[in-house]
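Fold and geometry: a report
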Amino acid sequence: MVGGRARSAAPRDLAEDPQAWPHANLGRHPAAAVVQQIAAALAGVLAERRLSLRGLAAASGVNRQSISDLLAGRSWPDVATIALLETTLAARLWPDNASEPR
């Protein structure tokens, strides 16, 4: 389980090159790689639908800053946040291959 010192760093900070987020190599950090895949999926849905962070926040009840932090890899989103976003968007954000290293 991810916790303690492992979660003291943001997901993006575990990348070999944090500036490359959300395309950075996170092969040695499978939990951070899942967050990266969620962020990429969310960014794709937002762009495809031309939906703003404020619009998604208002529709989902998830704080706009929380969504921004997820997209930027600055936070470890909880299951409730992902569930609210997936339900609001009617789109799957959690990767199908979450158990496979990237």
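Residues numbered from 1 in each chain as written. Predicted model: local features only at pLDDT ≥ 70, side-chain atom pairs only at ≥ 80, totals over all residues. Heavy atoms only, no water.

Inspection of the secondary structure puts Ile82 in helix H4 (residues 79-89). When neighbours within four sequence positions are excluded, Ile82 is seen to be in contact with Ile38, Leu70, Pro77 and Trp94. (Helix = DSSP H or I, 4+ residues; strand = E, 2+ residues; numbered from the N terminus. Contact = heavy atoms within 4.5 Å.)

This part takes up the nonpolar core. The nonpolar side chains of a soluble globular protein tend to be buried, and buried together. Ranked by size, the top nonpolar core spans 24 residues in total, and within it Leu42, Leu56, Ile67, Leu70, Leu85 and Leu89 carry the most contacts. The leading source of residues in this core is helix H1 (residues 30-49), at nine residues. Those residues in contact with Ile67 that lie beyond four places of it in its chain are Leu42, Leu53, Leu56, Ala57, Ser60, Val62 and Leu85. (Core = buried A, V, L, I, M, F, W, Y, C linked by side-chain atoms within 4.5 Å. Buried < 20%, exposed > 50% of the residue type's maximum accessible area, 1.4 Å probe, protein only.)

Turning to the pattern of salt bridges, a few remarks are in order. Side chains that carry opposite charge are capable of pairing whenever their charged atoms lie near each other. In this structure the tally under the stated criterion is two salt bridges. A salt bridge links Arg74 to Asp69; the shortest N-O distance between them is 2.9 Å. Taking the relative accessible area as the measure of exposure, Arg74 reaches 44% and is therefore partly exposed. With a relative accessible area of 19%, Asp69 lands in the buried category. Residue Asp96 is joined to Arg92 by a salt bridge in which the shortest nitrogen-to-oxygen separation is 2.9 Å. (Salt bridge = Lys/Arg side-chain N within 4 Å of Asp/Glu carboxyl O.)

With that out of the way, let us pick up the environment of Ser8. Here Ser8 lies in the segment before H1. Distance from Ser8 to Ser75, taken between C-alpha atoms, is 9.8 Å for residues 67 residues apart in sequence.

Moving on, we get to the side chain of Ser60. Positionally, Ser60 belongs in helix H2 (residues 53-60). In this structure Ser60 comes out as buried when scored by relative accessible area, which is 9%. At a separation of 2.8 Å, a polar atom in the side chain of Ser60 contacts the main-chain carbonyl oxygen of Leu56. A distance of 3.1 Å separates a polar atom in the side chain of Ser60 from the backbone nitrogen of Val62. Sequence-distant contacts of Ser60, that is, excluding residues within four places in its chain, are made with Ile67, Leu84, Leu85 and Thr88. (Polar contact = N/O pair within 3.5 Å; in protein donor to acceptor, adjacent residues only side chain to side chain.)

Structural measurements only, silent on function.
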